[in-house]
Amino acid sequence: MAVQRIDIRKEFTAPVDKLFAFLSVHKNLETIFAPAKIRRVKDGSDVPDGLGSVRRMRILIAPPFEETITARVPNERIEYRITRGSPLRNHHGVMRFSATPSGGSALHYTIEFEGKLPLIGPIVRAGLDRGIRRGLDKVRL
């Protein structure tokens, strides 16, 4: 199966610490992944939504799946993997945060994965890419 890649770059007027604080809270990701419902099912070792925490996502009629935070560097990076219940494999998401010269922030969000069945990967990639871009446009900090 071919590796699918989503690569999104977006700037915000809010500073990095505010953007990181918002996107590091699992429940806030419902804004980006609407109409998904997201619930933390395991606390992290550093903060509740931090390293090692697990979030369960439910999107419409699809079965729920779980994502685990595998790296968290405040105001710099969040990494996660799908660890249960998905038609995808080798899923790895990374949110990178940086300051802009104007005092705002930039997000570089990448996701790589493979579909477990033919055609699943490209279909999921197209929908996810479009949905995340729309969701990020709705973020107000």
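A few words now on the side chain of His-26. Along the chain, His-26 falls in the loop between helix H1 (16–23) and strand E2 (37–42). Residues in contact with His-26, not counting those within four places in the same chain, are Ile-38, Arg-40, Asp-49, Ser-53, Arg-55 and Ile-69.

Position of Ile-111 among the secondary structure elements: in strand E7 (residues 105–115). On the basis of relative accessible area, Ile-111 is assigned to the buried category, the value being 1%. Counting along the chain gives 17 residues from Ile-111 to Leu-128, while the straight-line C-alpha distance between them is 9.6 Å. Excluding residues that lie within four positions of it along the chain, Ile-111 makes contacts with Gln-4, Arg-5, Ile-6, Tyr-80, His-91, His-92, Gly-93, Leu-128 and Ile-132.

The next point concerns the sheet that holds strand E5 (residues 77–84). Reading across the sheet, the seven strands line up as E1-E7-E6-E5-E4-E3-E2 and stay open at both edges, with antiparallel pairing between neighbours. At either margin of the open sheet sits one strand with a lone partner, and together these are strand E1 (4–12) and E2. Averaged over all adjacent pairs, the angle separating strand axes in this sheet is 20°, with direction ignored. Sheet analysis places E1 next to E7, joined by nine bridges and oriented antiparallel. Counted as the bridge partner of Asp-7 is Thr-110 from E7. Docked against the sheet, H1 engages E1, strand E4 (65–73), E5, strand E6 (88–99) and E7, running at close to 155° with respect to E6. Helix H2 (residues 120–137) rests against E1, E6 and E7 of the sheet, and its axis sits at about 5° to E1.

About the criteria used
- Residues numbered from 1 in each chain as written.
- Predicted model: local features only at pLDDT ≥ 70, side-chain atom pairs only at ≥ 80, totals over all residues.
- Heavy atoms only, no water.
- Helix = DSSP H or I, 4+ residues; strand = E, 2+ residues; numbered from the N terminus.
- Contact = heavy atoms within 4.5 Å.
- Buried < 20%, exposed > 50% of the residue type's maximum accessible area, 1.4 Å probe, protein only.
- Pairing = 2+ DSSP bridges.
- Axes fitted to C-alpha atoms, helices over the stretch in contact; angles between N-to-C directions.

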